[in-house]
Amino acid sequence: MDTDCTREELRTPALPAGTRLLHIGPHKTGTTAVQGALFAAKEEMARHGVDFPAHSRHPIEAVLAACARPAMMGDTVPTEKHWQRLLDQVAATGRRTSVISSEFFADAEDGATIARIVEQLGGDRVHVLVTLRPLARIMPSQWQQYVQNGLRLGYEPWLEHMLRRAPYDRPTPSFWRRHRHDRLVERWVGATGPDRVTVVVVDDRDRDALMRTFEALLGLPGGLLQPVPETANRSLTLAETEMLRNLNKEFRGNALPEELYSRLVRHGAIAHMKNACSPTPQDVKIRTPQWALEAAAGIGAETAARIGSLGVRILGDPESLSRVPASGGQPGEPRLAPEVAAQALFGMLTTVAATNGTDKGRTVHRTSSKELVKVLGHRCLKRLRLR
């Protein structure tokens, strides 16, 4: 594939005025950083004729509703009202250029749904932007994200299911819907045509390049979009993920309510731990075995060839999708630092404390441990609902 004409980040012409740039991800391709930068620069962008029509960094409920996808475990159920609210915000931008970003658009799996989304967002004014990274980079990050949503399967068994066990859709069917990138691009080309799709292959060696590409496409001054540290969606270390995975086993084993998991675990323990603790050089990273790296590179080569034949504009180096990275040697023993465990526990306790109220009933020593866990879970959930 001739890549000379694809490396255009710094000389990419701006899209026509009035374009509605729709960034569909997929997951783990720099979406959180982009959304944080766009939201932080919302007022400044407006002064340059570009609107960010959303009241939050990431209107996840609206997009899940549009794609007919369920919420994350225990989160707010998305409804058509969420989607209509976003559509109203987009319509309010009038003929101005606007940008909408959500990796969950990649979860739309049929042509009719995608065509409806494109039509409702502006029809021929919509230009789709897809950001891609090599699968080898995505797999460990996506696995730990699935664990944050309740997955109990270890990394290597999960890789076996995704890469070696047909039909490759258990236990996380969304993985290949999102990350068979050639099929993802093809689905959206079916709704817009190839001339209104741009694919950006993200260069992990140049973290600023993606921001500069967005600026170029939107006709914004260089340097306007800057990463916002508070929105950095850092991945968990191997020890953190394994701690959470074992907690998921206990949670599922005791049949606790999913809303409790959302409030106390994902938005309590995990969120506080990620914000309060940064990984250190001593932390063991999630290591992908060599066989999986090679399998991912093979799929990446097929993906790059297929995308290249679709007639879409490609920015970046598509050959990077098929390179086999170094495996990184044997991993050490994952050990969770005491302060990290303490921050996770503190995050959960502060969530409980914020619910207020007290309950009286049977004393603890007269209750079995399994029943105690269930009672505690339901009481915490009751308080959260009363909040």
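Whatever comes next refers back to the structure up there.
Below: a short report on this structure. (Residues numbered from 1 in each chain as written. Predicted model: local features only at pLDDT ≥ 70, side-chain atom pairs only at ≥ 80, totals over all residues. Heavy atoms only, no water.)

1. Here's the deal with the pattern of salt bridges
Side chains that differ in sign of charge can pair as their charged atoms come close.
Moving on, step 1. Overall, the coordinates contain 19 salt bridges when judged by the stated rule.
Moving on, step 2. Between Arg164 and Glu160 there is a salt bridge; the shortest N-O distance is 3.0 Å.
Moving on, step 3. Taking the relative accessible area as the measure of exposure, Arg164 reaches 46% and is therefore partly exposed.
Moving on, step 4. Classification of Glu160 by relative accessible area gives partly exposed; the value is 24%.
Moving on, step 5. Among the ionic pairs, Arg323 bridges to Asp317, the shortest N-O distance being 2.7 Å. (Salt bridge = Lys/Arg side-chain N within 4 Å of Asp/Glu carboxyl O. Buried < 20%, exposed > 50% of the residue type's maximum accessible area, 1.4 Å probe, protein only.)

2. Notes on the sheet that holds strand S2 (residues 50–51)
Sheet strands associate in pairs through backbone hydrogen bonding, adopting either a parallel or an antiparallel arrangement.
Moving on, step 1. Pairing is parallel in the open sheet, where 6 strands are placed in the order S2-S3-S1-S4-S5-S6. Strands with a single pairing partner mark the edges of an open sheet, and in this sheet they are S2 and strand S6 (313–315). (Pairing = 2+ DSSP bridges. Helix = DSSP H or I, 4+ residues; strand = E, 2+ residues; numbered from the N terminus.)

3. Observations regarding the nonpolar core
Moving on, step 1. Counting residues in hydrophobic clusters, the biggest one holds 62 residues, and the most contacted among them are Met45, Trp83, Phe105 and Trp188.
Moving on, step 2. Leu135, Leu236, Cys277 and Ile299 belong to the second largest nonpolar core, which has 35 residues in total. (Core = buried A, V, L, I, M, F, W, Y, C linked by side-chain atoms within 4.5 Å.)

4. Some words on unusual backbone geometry
Backbone phi values are negative for most residues with the exception of glycine, while trans is the configuration of most peptide bonds.
Moving on, step 1. The residue after Ala166, namely Pro167, is reached through a cis peptide bond having omega 5 degrees.
Moving on, step 2. A cis amide bond links Arg170 to the next residue, Pro171, at an omega of 5 degrees.
Moving on, step 3. Tracing the chain through its elements places Pro171 in the loop between helix H7 (155–163) and helix H8 (174–179).
Moving on, step 4. Even without being a glycine, Lys28 presents a positive backbone phi close to 65 degrees.
Moving on, step 5. Within the secondary structure, Lys28 sits in the loop between strand S1 (20–23) and helix H1 (31–40).
Moving on, step 6. In this structure, Ala255 is a non-glycine residue whose phi angle is positive, near 55 degrees.
Moving on, step 7. Assignment of secondary structure puts Ala255 in the loop between helix H11 (238–253) and helix H12 (258–276).
Moving on, step 8. A relative accessible area of 57% means that Ala255 is categorised as exposed.

5. Examining the packing of aromatic side chains
The geometry of an aromatic ring pair is captured by two quantities: the separation of the ring centres and the angle between the planes.
Moving on, step 1. One pass over the full model with this rule turns up 9 aromatic pairs.
Moving on, step 2. Each ring, one from Trp83 and one from Phe105, has its centre 6.4 Å from the other, and the planes form 70 degrees; the classification is edge-to-face. Separated by 22 residues along the polypeptide, Trp83 in helix H4 (residues 80–91) and Phe105 in the loop between strand S3 (97–101) and helix H5 (111–121) bring together distant segments of the chain. Take Trp83 and Phe105: they sit in the same class, and that class is buried.
Moving on, step 3. Arranged with centres 5.1 Å apart and planes meeting at 75 degrees, the rings of Phe251 and Tyr261 form a pair that is edge-to-face. Linking Phe251 in helix H11 with Tyr261 in helix H12, this pair joins segments that are 10 residues apart in sequence. Note on accessibility: Phe251 and Tyr261 belong to one class, buried.
Moving on, step 4. Three or more aromatic residues joined by ring pairs form one cluster here, namely Trp143, Tyr146, Tyr155, Trp158, Phe175 and Trp176.
Moving on, step 5. Over the ring of Trp291 we find Arg164; its NZ or CZ atom is 3.7 Å from the centre of that ring. (Phe/Tyr/Trp six-rings, centres within 6.5 Å; stacked < 30°, edge-to-face > 60°. Lys NZ or Arg CZ within 6 Å of the ring centre and 35° of its normal.)

6. What about the environment of Ser262?
Moving on, step 1. Looking at the secondary structure, you find Ser262 in helix H12.
Moving on, step 2. Ser262 sits in the buried class, given a relative accessible area of 2%.
Moving on, step 3. Sequence spacing of Ser262 and Asn149 is 113 residues, and the spatial spacing of their C-alpha atoms is 8.3 Å.
Moving on, step 4. Those residues in contact with Ser262 that sit more than four places away from it in its chain are Met73, Gly74, Asp75 and His267. (Contact = heavy atoms within 4.5 Å.)

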